[in-house]
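Breakdown of the fold
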Amino acid sequence: MYAIRDLFNLLDDALDTMKRMEQEAEAAAQRFITSHNQAKTVRVTMGTGAVQSVEFDREWLRAATHERIAAALEEALAQACRAANEEQQRKRKATPEIERLRQLTASPELLLREVGLIR
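Sequence order sets the numbering: in each chain, residues are counted from 1 along the sequence as written. Residues qualify for local features only when their pLDDT is at least 70, as the model is predicted, and side-chain atom pairs are given and counted only at 80 or more; totals for whole chains, interfaces and linings, by contrast, use all residues. Hydrogens are left out, water is left out, and the side-chain values use all remaining heavy atoms of the structure.

**A short note on helix 3 (residues 66-94)**
The line we're drawing: For the purposes of this entry, the term helix denotes a DSSP run of H or I that reaches at least four residues, the term strand denotes a run of E that reaches at least two, and both are numbered from the N terminus. The span expected for a helix works out to 1.5 Å for each residue beyond the first. Relative accessibility thresholds used throughout: buried, under 20% of the residue-type maximum; exposed, over 50%; partly exposed, between the two (1.4 Å probe, protein chains only). What makes two residues a contact is simply this: any of their non-hydrogen atoms within 4.5 Å.
Helix length check: helix 3, at 29 residues, gives a terminal C-alpha distance of 42 Å against a target of 42 Å (1.5 Å per residue), a fit within 8%. Taken together, the buried positions of helix 3 are Ile-69, Ala-72, Ala-76, Ala-80 and Ala-83. If you follow the buried residues of helix 3, they end up packed against strand 1 (32-36), strand 2 (42-47), strand 3 (50-56) and helix 2 (58-63).

**Let's talk about the packing of helix 3 against helix 4 (residues 96-106)**
Let me state the cut-off plainly: Only the stretch in contact is used when a helix axis is fitted, and all axes are lines through C-alpha atoms; the angle between N-to-C directions ranges over 0 to 180 degrees. To sort the angles, those under 35 degrees are grouped as roughly parallel, those over 145 as roughly antiparallel, those from 65 to 115 as roughly perpendicular, and the leftovers as oblique. Each residue gets one label: Ala, Val, Leu, Ile, Met, Phe, Trp, Tyr, Cys and Pro are nonpolar, Asp, Glu, Lys and Arg are charged, and the others, such as Gly, are polar.
For the pair helix 3 and helix 4, interaxial distance at closest approach is 5 Å and the crossing angle is 95 degrees. By the angle class used here, helix 3 and helix 4 are roughly perpendicular. Within the contact between the two elements, helix 3 uses Arg-92, Lys-93 and Ala-94 and helix 4 uses Pro-96, Glu-99 and Arg-102. Among the residues forming the contact of helix 3 with helix 4, the class breakdown is two nonpolar, no polar and four charged.

**A few points about the environment of Arg-102**
Turning to its location among the elements, Arg-102 is positioned in helix 4. For the pair Arg-102 and Glu-87, spaced 15 residues apart in the sequence, the C-alpha separation amounts to 18 Å.

**Remarks on the sheet that holds strand 3**
As a reminder of what qualifies: Paired strands, in this sense, are two strands between which DSSP finds at least two bridges.
Sheet architecture is open: three strands sit in the order 1-2-3, paired in antiparallel fashion. At either end of the open sheet lies a strand with only one pairing partner, and these are strand 1 and strand 3. Adjacent strand axes in the sheet meet at a mean angle of 20 degrees, parallel and antiparallel pairs treated alike. Sheet topology places strand 1 next to strand 2; five bridges connect them, and they run antiparallel. Across the sheet, Thr-34 pairs through a bridge with Thr-45, a residue of strand 2.

Below, the structure written as structure tokens:
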């Protein structure tokens with residue numbers, strides 16, 4: 001019974017957090033992440049889960065080979081994805097009750113074990 005009560009408390013905490021997360025999600029949807037490659041010749045802006053813009057240093061672009069352009073673009077996109085993932089991880093750490101609920105619901109066995117129905 002204590003495990004079930006704890007589970008319901010966790011669920012209540014998670015639901016309370018959901019309203020705050022909804023507001024944060026709306027704000028995040030309007031935020032953009034801008035990253036660039038190491039040489040800073042390509043800049044990528046991402047927002048709402050998609051690439052919004054790609055900008056190149058014009059002088060570098062005129063002199064660069066197709067292979068160098070592709071490599072620089074790939075590097076800038078990878079950096080933008082890393083930054084987006086880091087932001088997502090930071091948000092998960094800020095809402096431990098949601099992360100705990102996600103862990104519990106990922107596995108029926110873990111959930112049943114947590115509430116004491118199986119060992």
